[in-house]
Amino acid sequence: MGLLQVSTNTVTSAVASVTLTGINSDDVYMLTINNFVPSTDAQDFKIRVVESGSPNSTSNYDYAHKLLRSDTTYNNTSATNQTSFDGTSSTGNATGECSNGIFYIYNANNSSEFTYFTQEVVLASHTTLLAGFQGGGVFTSASQVEGVQIFPGTDNIQSGTFTLFKII
Amino acid sequence: MSKEYGYIGKEVTQAFRSNKGIFTPQDIIELDQENKWTNFGQLELIQTQNADDSSSTLDFTSIKENIYNVHFLTVNNMSITSAGTNSRSILVRLSNNGGTSFISSSTYQRAHQQCFSNGSFSEVKSTGISYLNLTGAATNSTATLSSNCYIYFYNLGDSTKYSFSTVHSSGQQKGNYLKSHFGSAVYPVAETHNAIRLVSSTSSENIEIGSASLYGIRSF
């Protein structure tokens, strides 16, 4: 397996969102999120697909996750017909707290198929507890997707590195 | 290697994002090895270690944490000497002093989901354990059973961030049934970690067989 970097963005001062594009083949793509820190404590990040240069905010996102926690019973989180994917859970923004994860993206370039995601995310919450966020999602519109937009549940992304790779 | 890269009588300085000249395949190989060849996005093998039943540990002490924010570890066909009759695991610990010692205090946190082929599922969680992760079940080679997994590590080289990991494993448990687990872990101390140890859960028992490969995922 090899990785070919398609797009990357390192946030060092607050921005509302990050957009990564460059999906232009039927290969599987991998999105890495490293050190996502929200400007407001206890925020998650969300993901939308990007088509023809614009994020798609229609109610076509379904997902199912297992939220694993180091302190108590795990939770199941699922939803249909949402306007974005949930990428992580309540991430802290104190020293050391952040979210990190890997997303694999399938069928994005294929205009006759839905776009699928798998995700495995680890984070330190706003209470500095460990949590994991594992599962998958689908964008239920058969369309050609060229990238993703990452944005926080509210306010801004304080910092983080976001990279899109093609798997070769 | 010629330093002229097609230019006559003039040595050309090469750097990532700044390659000039005409290159032979050998030039490209050598510049790539020196990280001077522009090649966006790389999954780079740092080191492979093979177990030979001589030690209970496998250490990675040159993990290039100053280069990579994300590391990827694969563990293949790994077994512990006596685990065919006893439940054993392979643990993962970090070092902050280049491998002189490895952190074994009950400071790590984890949250894993275990899945067994006998129909059992369980949550495994802790806010104070002595290792970052484990590779799942491990049994001895005579039973042709083994443990396999991949682990992503985040921020090992960032002194301002905690070190995180995710894992997904599949192996054979004592009793010849599958044990799979996935989940997350963290060492919640903001410091640099510069070595990784795989260690048998029972120090008197060696890692009998198996290999582990550590990669760096680079972005530019």
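Residues numbered from 1 in each chain as written. Chains lettered and ligands numbered in written order. Predicted model: local features only at pLDDT ≥ 70, side-chain atom pairs only at ≥ 80, totals over all residues. Heavy atoms only, no water.

Before we move on, can you summarise the environment of Ser200(B) with the specific residues and values?
Residue and element names in this part refer to chain B. When you line up the elements, serine 200 lands in strand E11 (residues 195–200). By relative accessible area, serine 200 is classed as buried at 3%. With residues up to four places along the chain from it excluded, the contact list for serine 200 reads Ser56, Ile80, Ser89, Glu205 and Ile207. (Helix = DSSP H or I, 4+ residues; strand = E, 2+ residues; numbered from the N terminus. Buried < 20%, exposed > 50% of the residue type's maximum accessible area, 1.4 Å probe, protein only. Contact = heavy atoms within 4.5 Å.)

Hey, could you go over the interface of chain A and chain B for me, with residue numbers and the actual values?
Reports often express the size of an interface as the amount of accessible area lost when the parts come together. With 40 residues of chain A at the interface, the matching set in chain B holds 38 residues. Across the chain A/chain B interface, buried area totals approximately 2900 Å², and carbon plus sulfur atoms make up 59% of it. At the junction of chain A with chain B, the criterion picks out zero salt bridges. Across the contact surface, chain A and chain B share 13 residue pairs in polar contact (both at pLDDT 80 or more). Breaking the side of chain A that touches chain B down by element, the ones donating at least two residues are strand E1 (3–11), strand E3 (29–38), strand E6 (61–69), strand E9 (99–106), strand E10 (115–124), strand E11 (130–139) and strand E13 (157–167) of chain A. (Buried area = accessible area lost by both parts, 1.4 Å probe. Salt bridge = Lys/Arg side-chain N within 4 Å of Asp/Glu carboxyl O. Polar contact = N/O pair within 3.5 Å; in protein donor to acceptor, adjacent residues only side chain to side chain.)

Pulling in residues and values, what's your account of the pairing of strand E7 (residues 75–82) of chain A?
Both faces of the sheet carry side chains from a regular strand, because those side chains alternate between them. Residues and elements named next belong to chain A. With six bridges joining them, E6 and E7 adopt antiparallel strand pairing. When the bridges of E7 are listed, lysine 66 appears paired with asparagine 76. Counted along the chain from E6 to the antiparallel partner E7, the turn is five residues long. (Pairing = 2+ DSSP bridges.)

Which residues make up the nonpolar core, and what values do they have?
Within the largest apolar cluster, 33 residues are counted, with the highest numbers of intra-cluster contacts made by Leu73(B), Met78(B), Leu94(B), Phe153(B), Ile196(B) and Leu198(B). Of all the elements in the fold, those that place two or more residues in this core are strand E2 (57–60), strand E3 (70–80), strand E4 (88–95), strand E8 (147–154), strand E10 (177–187), E11 and strand E12 (207–218) of chain B. Aside from chain neighbours lying at most four places away, what touches Leu94(B) is Phe102(B), Ile103(B), Tyr108(B), Leu132(B), Phe153(B), Leu156(B), Ser163(B), Tyr187(B), His193(B), Ala195(B) and Ile196(B). If you look at the next biggest cluster of nonpolar residues, it comprises 31 residues, including Val11(A), Ile33(A), Ile47(A) and Ile157(A). (Core = buried A, V, L, I, M, F, W, Y, C linked by side-chain atoms within 4.5 Å.)

Please set out unusual backbone geometry residue by residue, giving values where relevant.
All names here are of chain B. In this model, arginine 17 sits at a positive phi of 75 degrees, which is unusual for a non-glycine residue. When you line up the elements, arginine 17 lands in the segment before helix H1 (25–33). Phi is positive for aspartate 53, which is not a glycine, with a value near 70 degrees.

How would you sum up the packing of aromatic side chains? Please name residues and give values.
Under the definition given, this model contains twelve aromatic pairs over all chains. Judged by centre distance (5.8 Å) and plane angle (75 degrees), the ring pair of Tyr150(B) and Tyr152(B) falls under edge-to-face. When its relative accessible area of 1% is taken as the criterion, Tyr152(B) is described as buried. Among the aromatic residues, ring-to-ring pairing joins Tyr61(A), Phe85(A), Phe117(A) and Phe139(A) into one connected group. (Phe/Tyr/Trp six-rings, centres within 6.5 Å; stacked < 30°, edge-to-face > 60°.)

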